[in-house]
2 protein chains.
Amino acid sequence: MHDYVTRLHSAIRHKATPALVGLDPREDSLPEEIRQAAANRPGNRLERLAWAYETFCRGVIDAVAPIIPAVKPQVAFFEDAGPPGIAALQSIIRYARTRGLIVIADAKRGDIGTTAHAYANAWLAGEDPDASPFAADALTVNPYLGPDTLLPFVEIARARGAGLYVLVRTSNPQSGVFQQLTTDNGQPVHAHVAREVQSLAQESQNESGYGCVGAVVGATYPAELALLRKQLSSSPLLVPGYGAQGGTAADVAAAFDASGLGALVNSSRNVIFGYRREAYRELAAKEGWQASIEAAAREFIEDLRAHTPAGVLTCNE
Amino acid sequence: MHDYVTRLHSAIRHKATPALVGLDPREDSLPEEIRQAAANRPGNRLERLAWAYETFCRGVIDAVAPIIPAVKPQVAFFEDAGPPGIAALQSIIRYARTRGLIVIADAKRGDIGTTAHAYANAWLAGEDPDASPFAADALTVNPYLGPDTLLPFVEIARARGAGLYVLVRTSNPQSGVFQQLTTDNGQPVHAHVAREVQSLAQESQNESGYGCVGAVVGATYPAELALLRKQLSSSPLLVPGYGAQGGTAADVAAAFDASGLGALVNSSRNVIFGYRREAYRELAAKEGWQASIEAAAREFIEDLRAHTPAGVLTCNE
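Residues numbered from 1 in each chain as written. Chains lettered and ligands numbered in written order. Predicted model: local features only at pLDDT ≥ 70, side-chain atom pairs only at ≥ 80, totals over all residues. Heavy atoms only, no water.

Chemist: Talk me through the overall build of chain A; I want residue IDs and the actual numbers.
Modeler: Regarding its fold elements, chain A presents 14 helices and 8 strands. Taken over C-alpha atoms, the radius of gyration comes to 19 Å for chain A, in line with the 20 Å a tight globule of 317 residues would show. Principal-axis analysis of the C-alpha atoms places the extent of chain A at approximately 60 × 45 × 40 Å. Within chain A, buried positions represent 64% of all 317 residues. Accessible surface, chain A: about 10,700 Å² in total, of which carbon and sulfur atoms supply 49%. Of the side chains in chain A, 28 bear a positive and 34 a negative charge, and the two mean positions are spaced by 2 Å. (Helix = DSSP H or I, 4+ residues; strand = E, 2+ residues; numbered from the N terminus. Rg over C-alpha atoms; globule rule 2.2 N^0.38 Å. Buried < 20%, exposed > 50% of the residue type's maximum accessible area, 1.4 Å probe, protein only. Areas by Shrake-Rupley, 256 points an atom, 1.4 Å probe, with all protein chains shown as cover. Lys, Arg positive; Asp, Glu negative; His and termini not counted. Charge placed at Lys NZ, Arg CZ, Asp CG, Glu CD.)

The structure is reproduced here in structure tokens:
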């Protein structure tokens, strides 16, 4: 079996970029042709919406699969389309994997004991897509309930060659209100979470120095990102907050090690709704919405390449 | 529109108990007759499992609906049965509501901005079951990402007469590792979360003095439960950890106000798998597994009545 980091690094090196594209379908932002086609389909509202999400996400996957290593479906939008949305999500994850993409399910799950085990079993397929209903390579998880609640996820991740990204320091405006509280050893709360994550990552690290337990650290707090990269030396990072949320490529530079590995940087809206951006509207009108998504993804890749150590990732293995 | 607390209190008074039954189906613990019937059904493994979960949960609901006010489906177990499991969950929630039960979806969701809004929209139906795909009266949410990430949930809860239970102090063994860290004002992390929750609850409180933003506080830390009851004076509590996790009725007594309101106490395994307990095996063999569940639920209700202020809830309104 190949562990998560081996598969992740292989994908990153093969595409020569750490660009991660978020699959966040939103009804109001879908291409007009998909919205119209959905409106003319049989079924109830949620069935039509789920069809639109699936059609859109397959189109995004087709546009970006040749150039990026990984996608991150945001589970909330699919849940919001009810059971048909969840079926669409399952189908999209499997499709992305057949296109050679690493799939990180952004579900931010977390619970205790056997309940955590059920979530892990539901989402984490690891190397074999048939090992779990939702077939993800990796999953985002929330640590608030405590380190014991991370262990069932770690156990299944290690057994299946899957990965985890534990929320450490998130990208939203008030993320510091609890995560940044100073504790009696002088460190913020998120540093305690990071210590647990690093310890779990270290236990599972392979010859690359990274383990299967990663961390979510926002691009919107670059100073902390640099500190956390050091503290989380065995942990692959997932960095949200680039682009629409305000983080720049320079802000995320500290997330990488000298060889350009160690992190994936996520962009969602700016890529998948590229056809809505002034810069790509003409392209979308001429060559279709998928062409604008590919162009926006290439811009994202080039921006990372120009401003981060990920620029050293130049060989297609 | 009736707000969540009005509907919750009406249900608690009507059944004269704050007993909440958790719907945590587990494949290995289902009644033998359901497992056999499932094995003989058409469909793939997950479809059969989802059928078994739905059949079992409907049976549990039928057994307890006449005597308890609320149920709490644990979403993880349904996710673990894939899309058919999610469809079963949707059906179970709607069925429980037709039986007059308040339904708290135990999903522990949490995310930022419009993503949090999507989760809230997916789960929180409030008074009108048709207002959201999953039709729950209330939802458990995780606060780690920050207060701004709670607001989309609060907004939808208030608009629809739905409720929230924010994780404050959970019942698992290592819940204190992050929740109990001492911060520089001398208070633990969970007290900061509790302050935000109390503030949100107060903004939405009705004439009963309670608002729609509740808190999850475990029965396994009774001293903190008593302190948090005071700090969270406007917040309905959801108290897990009674029974199988070691909390007693005496431990949860402090969760209630003088009139026996202010909290729901959850029991899952001890009730829904009553037929597996020594005390009820004979009853289950003679009168069926549902009779044993009803008996176990009655024992739970009586235990709360004998040892807590919830004993004053004696009138069926």
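Chemist: Please give an account of the interface of chain B and chain A that cites residues and values.
Modeler: In many analyses, interface size is given as the accessible surface area lost on bringing the parts together. Listed per partner, the contact involves 58 residues of chain B and 58 residues of chain A. Taken over both partners, the interface formed by chain B and chain A buries close to 4,900 Å², and the fraction arising from carbon and sulfur atoms is 61%. Considering only the side of chain B, the residues that lose the most area to chain A are Glu79, Tyr144 and Phe178 of chain B, jointly responsible for 18% of the buried surface there. At the boundary of chain B and chain A, one finds 4 salt bridges. A salt bridge links Asp111 of chain B to Lys108 of chain A, with the shortest nitrogen-to-oxygen separation between them at 2.9 Å. Inspection of the region where chain B meets chain A yields 31 residue pairs in polar contact (both at pLDDT 80 or more). Elements with a minimum of two residues in the side of chain B that touches chain A: helix H4 (75–79), helix H5 (82–98), strand S3 (102–109), helix H6 (113–123), strand S5 (163–169), helix H8 (176–179) and helix H9 (189–203) of chain B. No other element matches the 7 residues that H6 of chain B contributes to the side of chain B that touches chain A. Residue classes in the side of chain B that touches chain A are distributed as 27 nonpolar, 21 polar and 10 charged. (Contact = heavy atoms within 4.5 Å. Buried area = accessible area lost by both parts, 1.4 Å probe. Salt bridge = Lys/Arg side-chain N within 4 Å of Asp/Glu carboxyl O. Polar contact = N/O pair within 3.5 Å; in protein donor to acceptor, adjacent residues only side chain to side chain. Nonpolar A, V, L, I, M, F, W, Y, C, P; charged D, E, K, R; others polar.)

Chemist: Please provide a residue-by-residue account of H6 of chain B, values included.
Modeler: Of all the 11 residues making up H6 of chain B, 8 are buried; the element is thus mostly covered by neighbouring parts of the structure. Among all positions of H6 of chain B, only Thr115, Ala116, Ala118, Tyr119, Ala120, Asn121, Ala122 and Trp123 of chain B are buried.

Chemist: How would you explain the relation of the copies chain B and chain A if you had to name every residue and give the values?
Modeler: With an axial shift of 0.0 Å and an RMSD of 0.0 Å, the rotation relating chain B to chain A amounts to 180 degrees. Those values place the two copies in the arrangement expected of a two-fold rotation axis. When C-alpha positions in chain B are compared against the rotation axis, the closest is assigned to Thr183 of chain B, at 2.0 Å. Both copies contact each other with a shared surface, as 100% of the interface residues of chain B are interface residues in chain A too. (Least-squares fit on C-alpha atoms with pLDDT ≥ 70 in both.)

Chemist: Could you give an account of the nonpolar core, naming the residues involved and the relevant values?
Modeler: Core analysis: the biggest nonpolar cluster contains 226 residues, and Phe56 and Trp123 of chain A together with Phe56 and Trp123 of chain B have the highest contact counts within it. Apart from the residues within four sequence positions on either side, Trp123 of chain B is in contact with Glu79 of chain A together with Val75, Leu89, Ile93, Ala105, Arg109, Ser132, Phe134, Ala135, Ala136 and Leu139 of chain B. (Core = buried A, V, L, I, M, F, W, Y, C linked by side-chain atoms within 4.5 Å.)

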